[in-house]
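Reading the structure
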Amino acid sequence: HMNDPQMTDVDRIAADPTDVPDPIDRSSPATVNVELETRELVAEVEPGVTYTYMTFDNQVPGPLIRVRKGDTVNMTVTSHEDNTMPHNIDLHAVRGPGGGAEASMVAPGETETFQFKATYPGAFIYHCAVPNLDYHIASGMYGLILVEPEDGLPEVDHELYFGQNELYTTGDVSQDGHHDFDMDAMTAEEPTYVLMNGESRAITENRYGPVTVDVGDTARVYFVNGGPNLTSSFHPIGCVWDEVHPQGGIGGPPHRNIQTTPVMPGSATIATMHFEVPGPVKLVDHALSRVARKGLLAVVEAEGD
Amino acid sequence: HMNDPQMTDVDRIAADPTDVPDPIDRSSPATVNVELETRELVAEVEPGVTYTYMTFDNQVPGPLIRVRKGDTVNMTVTSHEDNTMPHNIDLHAVRGPGGGAEASMVAPGETETFQFKATYPGAFIYHCAVPNLDYHIASGMYGLILVEPEDGLPEVDHELYFGQNELYTTGDVSQDGHHDFDMDAMTAEEPTYVLMNGESRAITENRYGPVTVDVGDTARVYFVNGGPNLTSSFHPIGCVWDEVHPQGGIGGPPHRNIQTTPVMPGSATIATMHFEVPGPVKLVDHALSRVARKGLLAVVEAEGD
Amino acid sequence: HMNDPQMTDVDRIAADPTDVPDPIDRSSPATVNVELETRELVAEVEPGVTYTYMTFDNQVPGPLIRVRKGDTVNMTVTSHEDNTMPHNIDLHAVRGPGGGAEASMVAPGETETFQFKATYPGAFIYHCAVPNLDYHIASGMYGLILVEPEDGLPEVDHELYFGQNELYTTGDVSQDGHHDFDMDAMTAEEPTYVLMNGESRAITENRYGPVTVDVGDTARVYFVNGGPNLTSSFHPIGCVWDEVHPQGGIGGPPHRNIQTTPVMPGSATIATMHFEVPGPVKLVDHALSRVARKGLLAVVEAEGD
Ligand SMILES: [Cu+2]
Ligand SMILES: [Cu+2]
Ligand SMILES: [Cu+2]
Ligand SMILES: [Cu+2]
Ligand SMILES: [Cu+2]
Ligand SMILES: [Cu+2]
Ligand code: NA
Ligand code: NA
Ligand code: NA
Ligand code: NA
Ligand code: NA
Ligand code: NA
Ligand SMILES: [Zn+2]
Ligand SMILES: [Zn+2]
Ligand SMILES: [Zn+2]
Ligand SMILES: [Zn+2]
Ligand SMILES: [Zn+2]
Ligand SMILES: [Zn+2]
Ligand SMILES: [Zn+2]
Ligand SMILES: [Zn+2]
Ligand SMILES: [Zn+2]
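Residues numbered from 1 in each chain as written. Chains lettered and ligands numbered in written order. Predicted model: local features only at pLDDT ≥ 70, side-chain atom pairs only at ≥ 80, totals over all residues. Heavy atoms only, no water.

**Remarks on the coordination of the zinc ion (ligand 19)**
Around the zinc ion (ligand 19), the protein contributes the donor atoms His274(B) (NE2) and Glu276(B) (OE), at 1.7 to 2.0 Å from the metal centre. You can call Glu276(B) partly exposed: its relative accessible area is 39%. (Donors = N, O, S within 2.8 Å, 3.2 Å for Na, K, Ca; no water. Buried < 20%, exposed > 50% of the residue type's maximum accessible area, 1.4 Å probe, protein only.)

**Some points on the relation of the copies chain A and chain B**
Each copy of the sequence occupies a distinct position, and chain A is placed on chain B by a rotation of 120° and an axial shift of 0.0 Å, giving an RMSD of 0.0 Å. What we have between these two chains is a three-fold relation. For chain A, the minimum C-alpha distance to the rotation axis belongs to Pro253(A) and amounts to 4.5 Å. Both copies present different contact surfaces, since only 9% of the interface residues of chain A are interface residues in chain B too. (Least-squares fit on C-alpha atoms with pLDDT ≥ 70 in both. Contact = heavy atoms within 4.5 Å.)

**A closer look at the relation of the copies chain C and chain A**
Screw-axis analysis of chain C against chain A gives a translation of 0.0 Å along the axis, an RMSD of 0.0 Å, and a rotation angle of 120°. Here only 9% of the contact residues of chain C are again contact residues in chain A; the copies associate through non-equivalent surfaces.

**What to know about the interface of chain C and chain A**
Between chain C and chain A, the residue contacts involve 33 residues of the former and 41 residues of the latter. Of the roughly 2800 Å² buried between chain C and chain A, counting both surfaces, carbon and sulfur atoms make up 52%. Summed over the three residues of chain C that lose the most area to chain A, namely Asn257(C), Gln259(C) and Arg293(C), the buried surface amounts to 23% of that side. Across the pair Arg290(C) and Glu189(A) runs a salt bridge, and its minimum N-O distance is 2.8 Å. Scanning the region where chain C abuts chain A turns up 20 residue pairs in polar contact (both at pLDDT 80 or more). Elements supplying a minimum of two residues to the side of chain C that touches chain A: β14 (232-237), β16 (255-258), β19 (279-285) and α3 (289-294) of chain C. (Buried area = accessible area lost by both parts, 1.4 Å probe. Salt bridge = Lys/Arg side-chain N within 4 Å of Asp/Glu carboxyl O. Polar contact = N/O pair within 3.5 Å; in protein donor to acceptor, adjacent residues only side chain to side chain. Helix = DSSP H or I, 4+ residues; strand = E, 2+ residues; numbered from the N terminus.)

**Comments concerning empty space enclosed by the protein**
The tally for this structure, following the rule as stated, stands at eight cavities of 30 Å³ or more. If you add up the space inside the largest cavity, you get close to 250 Å³. Forming the boundary of the largest cavity are 18 residues, of which His255(A), Pro262(A), His255(B), His255(C) and Pro262(C) lie nearest the centre. For the lining of the largest cavity, the secondary structure elements donating two or more residues are β16 (255-258) and β17 (261-263) of chain A, β16 (255-258) and β17 (261-263) of chain B together with β17 (261-263) of chain C. Residue composition of the lining of the largest cavity, grouped by class: nine nonpolar, nine polar and no charged. (1 Å grid on protein atoms, 1.4 Å probe; cavity = no way out; pocket = protein on both sides within 12 Å on 5 of 7 lines; lining within 4 Å. Points joined across faces, edges and corners; volume = space filled by probe spheres on them. Nonpolar A, V, L, I, M, F, W, Y, C, P; charged D, E, K, R; others polar.)

**Details of the pattern of salt bridges**
For side chains of opposite charge, pairing can occur when their charged atoms come near one another. All names here are of chain C. Considering all chains together, one arrives at 39 salt bridges over all chains under this definition. Between glutamate 148 and arginine 66 there is a salt bridge, and its shortest N-O distance comes to 2.7 Å. With a gap of 82 residues between them, glutamate 148 in strand β8 (residues 142-148) and arginine 66 in strand β3 (residues 65-68) connect regions that are remote in the sequence. Looking at glutamate 148, the relative accessible area reads 3%, which means it is buried. Among the ionic pairs, glutamate 199 bridges to arginine 207, the shortest N-O distance being 2.9 Å.

**Some remarks on the sheet that holds strand β4 (residues 72-79) of chain A**
All names here are of chain A. Taking strand neighbours across the sheet as the criterion, the five strands line up as β6-β4-β1-β2-β10 in an open arrangement whose pairing is mixed. Sheet topology places β6 (111-117) and β10 (177-179) at the edges, where each strand pairs with a single neighbour. Looking at each pair of strands side by side, their axes are set apart by 25° on average, direction ignored. Bridging between strand β1 (residues 31-46) and β4 involves eight bridges; their strand directions are parallel. What sits directly across from threonine 38, in β4, is serine 79. (Pairing = 2+ DSSP bridges. Axes fitted to C-alpha atoms, helices over the stretch in contact; angles between N-to-C directions.)

**What to know about the coordination of the zinc ion (ligand 18)**
For a metal bound by four donors in a tetrahedral arrangement, the ideal donor-metal-donor angle is 109.5 degrees, while six donors in an octahedral arrangement ideally sit at 90 or 180 degrees. Protein coordination at the zinc ion (ligand 18): the donors are His255(A) (NE2), His255(B) (NE2) and His255(C) (NE2), at 2.0 Å from the metal. Highlighted residues: His255(A) in strand β16 and His255(C) in strand β16, drawn from two different chains. Residues His255(A) and His255(C) agree in their burial class; the two are buried.

**Side note on the interface of chain A and chain B**
Each partner contributes residues to the interface: chain A has 33 residues there, and chain B has 41 residues. Where chain A meets chain B, there are 20 residue pairs in polar contact (both at pLDDT 80 or more). Of all elements in the fold, only β14 (232-237), β16, β19 (279-285) and α3 (289-294) of chain A reach the threshold of two or more residues within the side of chain A that touches chain B. Sort the elements by how many residues they give to the side of chain A that touches chain B and α3(A) lands first, with five residues.

**Digging into the domain arrangement of chain A**
Residue and element names in this part refer to chain A. Along its sequence, chain A is organised into domain 1 (31-148) and domain 2 (158-303). Between the C-alpha centres of domain 1 and domain 2 there is a distance of 20 Å. Tallying the contact residues gives 31 residues for domain 1 and 40 residues for domain 2. With both chains or domains summed, domain 1 and domain 2 bury close to 2800 Å², and 62% of this area falls on carbon and sulfur atoms. Summed over the three residues of domain 1 that lose the most area to domain 2, namely Val45, Tyr51 and Ala138, the buried surface amounts to 18% of that side. With a shortest N-O distance of 2.7 Å, arginine 66 and glutamate 159 are connected by a salt bridge. Linking domain 1 with domain 2 are 18 residue pairs in polar contact (both at pLDDT 80 or more), by the criterion used here. Among the secondary structure elements, those contributing two or more residues to the side of domain 1 that touches domain 2 are β1, β2 (49-56), β7 (122-127), α1 (133-138) and β8 (142-148). (Domains from an automatic or database assignment.)

Okay, structure coming up:
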């Protein structure tokens, strides 16, 4: 038996994939202030299906944070007063205990700030890292921090942002009602949903519409895999990754002409593509039962001819 | 209760690993015609165990297609008149909707042709991509297209072709009878069999015999992982990969002296080895319960001294 | 119902991560004698939980073997007279049948010796490779052989050694008593425990204490994934891998600034880090339910300021 869907706190939990800060226009380090609010809230996985998400700033994945190698970051984490659990943040760009988790633990209504220096470039996951961290990440508490190299990244026409995570619930996929978290399913690594940007097929015509680009454009995708458990086989249907930075690290030679790149849970990638022909490019985890059965899909539509 | 084995439509479904087209002997692009027939048929997984496969050209993996970067390919897909389902083809070498899937959908008895230009080099999977694509790929509908770089690949003594996929059935491994497809097992990513070239231990002395090479020889392996869900940890027991092109892409520096290379579902690899000593080299997914319990094994026998 | 814990044969099964042979101080090849004893014994997974391990030299992972490219190795394998099963060794550094497994099969009380030449550099797994090899590896029969390149590896302050494997038992995690091996769980790839150095949280303050280093130090980690089935997403919480040799191969360019590196079952990695700030660095498989639910954790504590 399933409970009825709950009232939702927000209309949309899926991060906008085009909501990426501009490239950094500085040639020297700076001190940057970043603030994230942790918040538990009810939203729809798909129409008729609700879940109590945990988020950074009411979206999944959380906001893309963009800094430059050498920057000093003042990281502030707040916890919404209506929360019921402690939260914190571990950024893989941070050197220090728990990647910042120990310094940022916040009870409902609290705020903590800590400082770190971004010493190495790349795209890194951030995530909640309380003791039940797999539950918090599965429920949406992850995002991406981009640490630009000193010379920046090559210019592209579009920068896009996507994140993948598993949802472990007591219901079946697409079963109407409010889905409760299922600890046994998570322990067995057997998710109900596997999602791109936190909702079933959010960035497709079913929900908020595809991202649109023009034929002839280039795009760089920042992709983070929250997991907490599954490896993503990240593939653009109808296209290819021109260049991939494996696991998001910048510093080694990129891989070229890659159809499908592994992105581990707790990792990320930077992957570029370009559009020679019109039509949809579908971003998937090529473990295809997650696409055909568990809601994972995002679409980039190339317009023109 | 299990049904009796069914009458088989073919004696063998396993692709011959030595059936690889010759290297391309051209220094300029050409227009190439490729034709594949989709066909559903009954064959043996192992003696006494039958399954209704879906194939390209009656073999698993489907034929290795070989073209050159810059070539224009006229791709024709037919559907055998006895088929019961629609089929199509998505090639990861294709730019365009569904990698060609939208242009190639064929009902039983139909034929479709579309044209694409091979613009980037590497070894790429092709596979059926109808809505139930995980079911079709699990049942055998995948293969490999090699897009040679303009300068070709280094000469080797042997080129070999292998493919891995999972079989999800209502029976247990080696249980006599006809095995039906099991949708729940596929959704849970819990296969009955994991196979090399579509049958249990096909390329070993149990069935069609190992591939033979001579001590002193070099070999290049084209390996495709259909999945649809599992990552392969591709390893040659008793040998090492001299060079690996991760995920089949050509363009970045190869990895060297690699024991085990990840090949994601919906991906491929190009891996070379050489034979210094006589005896068997066993190709496996080093997730060893798939080898010890689920039928995955292929053998290359080095003869001489 | 669970049986009572059994009497243990040893107080500790976890390999000491600092027990790494010194770098090789030779500029020409040598003949090296290596001897390993296979032994089945009862030890604690965690206090109150016992299991009948299988080991090389009474530890998990087995001893780190260190040779130089070009060396000739006389490999001797013995089997303790109290053993109940045959054992052998497959080293991924060996060219030849079964990586040495065919030449080294030993019944209880027996000894076998074979010779091989280390022809390629890297960090390679060794493991038992009898027909039920997944059971033997899951029970602890794996380790790492380092084949140094001719010019050696860069100097570092610390070299550390860790290994990961799954334990498949009829009990639940942390359930008091003697846990029997569970073949069905292994076939389903659903482990009870996932462990670093063979015991639950062995290299933490819970058991034998963390490894300690000083702020300012560099460290190179040799990490082997026995599996037998799961891929490890190897990550240092609160730090980053400065350089990674993917899958342990030496010869290609290393990856740099890597947060999480895939280490396949039946593979290894060489990964370096350095310590700029005090506090714990926690080594994990970032498939975090294995950390939060199944015992996987090791800690390196950086002291100073
Ligand atoms: Cu949290
Ligand atoms: Cu993390
Ligand atoms: Cu089909
Ligand atoms: Cu595909
Ligand atoms: Cu053994
Ligand atoms: Cu092995
Ligand atoms: Na599972
Ligand atoms: Na569920
Ligand atoms: Na599963
Ligand atoms: Na089955
Ligand atoms: Na399972
Ligand atoms: Na168990
Ligand atoms: Zn545009
Ligand atoms: Zn595709
Ligand atoms: Zn182009
Ligand atoms: Zn030959
Ligand atoms: Zn091996
Ligand atoms: Zn690489
Ligand atoms: Zn050689
Ligand atoms: Zn020190
Ligand atoms: Zn530093």
